[in-house]
Amino acid sequence: MVGVNKNWLFAASEVGADTVAMFNSLVCICKMNRINILEYLTDALGSLGSKPASALTPLGWEVARKQIRSISRKKSDTAQGGS
């Protein structure tokens, strides 16, 4: 990972280091897949408990977001009389 600078050295415990590693992994996955990190984290953390775990991974979240956008476009096209 580029730019991570061994931040795990400053974790107060092994659990803290695991948490930092998980967060860094989520950020890197988002960057590699051109997913807006802030948008993903805001939605995913706000959806804990209300969405299945598969929809909270960065890639699962992106697929669900694209499906919602597609449905929204179809509804707006239908409302405007388009095909």
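If you're wondering where the values come from, they're calculated on a predicted model, not measured in any experiment.

1. Comments concerning the packing of helix α1 (residues 14-32) against helix α2 (residues 37-46)
And then number 1: Running from N to C, α1 and α2 point in directions that differ by 125 degrees, and their axes come no closer than 10 Å. Relative to α2, the element α1 lies oblique. For the element pair α1 and α2, the recorded crossing hand is right-handed. Residue-level inspection shows F23, L26, V27, C30 and K31 of α1 in contact with α2, the latter providing I37, Y40 and L41.
And then number 2: Its residues placed into classes, the contact of α1 with α2 shows seven nonpolar, no polar and one charged.

2. A closer look at helix α3 (residues 58-79)
And then number 1: The end-to-end C-alpha distance of α3, which contains 22 residues, comes to 31 Å, matching closely the 32 Å that a straight helix rising 1.5 Å per residue would cover.
And then number 2: Every buried residue belonging to α3 is among P58, W61, E62 and R65, and all of these are buried. The buried side chains of α3 occupy one side of the element, clustering within an arc of 95 degrees when seen end-on. α3 presents K74, K75 and T78 as exposed residues on the side facing more than 90 degrees away from its buried surface.
And then number 3: Where α3 is buried, its residues touch α1 and α2.

Conventions and cut-offs
- Residues numbered from 1 in each chain as written.
- Predicted model: local features only at pLDDT ≥ 70, side-chain atom pairs only at ≥ 80, totals over all residues.
- Heavy atoms only, no water.
- Axes fitted to C-alpha atoms, helices over the stretch in contact; angles between N-to-C directions.
- Helix = DSSP H or I, 4+ residues; strand = E, 2+ residues; numbered from the N terminus.
- Parallel < 35°, antiparallel > 145°, perpendicular 65-115°, else oblique.
- Left-handed = near helix turned anticlockwise from the far one by under 90°.
- Contact = heavy atoms within 4.5 Å.
- Nonpolar A, V, L, I, M, F, W, Y, C, P; charged D, E, K, R; others polar.
- Expected span 1.5 Å × (residues − 1).
- Buried < 20%, exposed > 50% of the residue type's maximum accessible area, 1.4 Å probe, protein only.
- Arc of directions from axis to C-beta.

So yeah, pure geometry; function would need other evidence.
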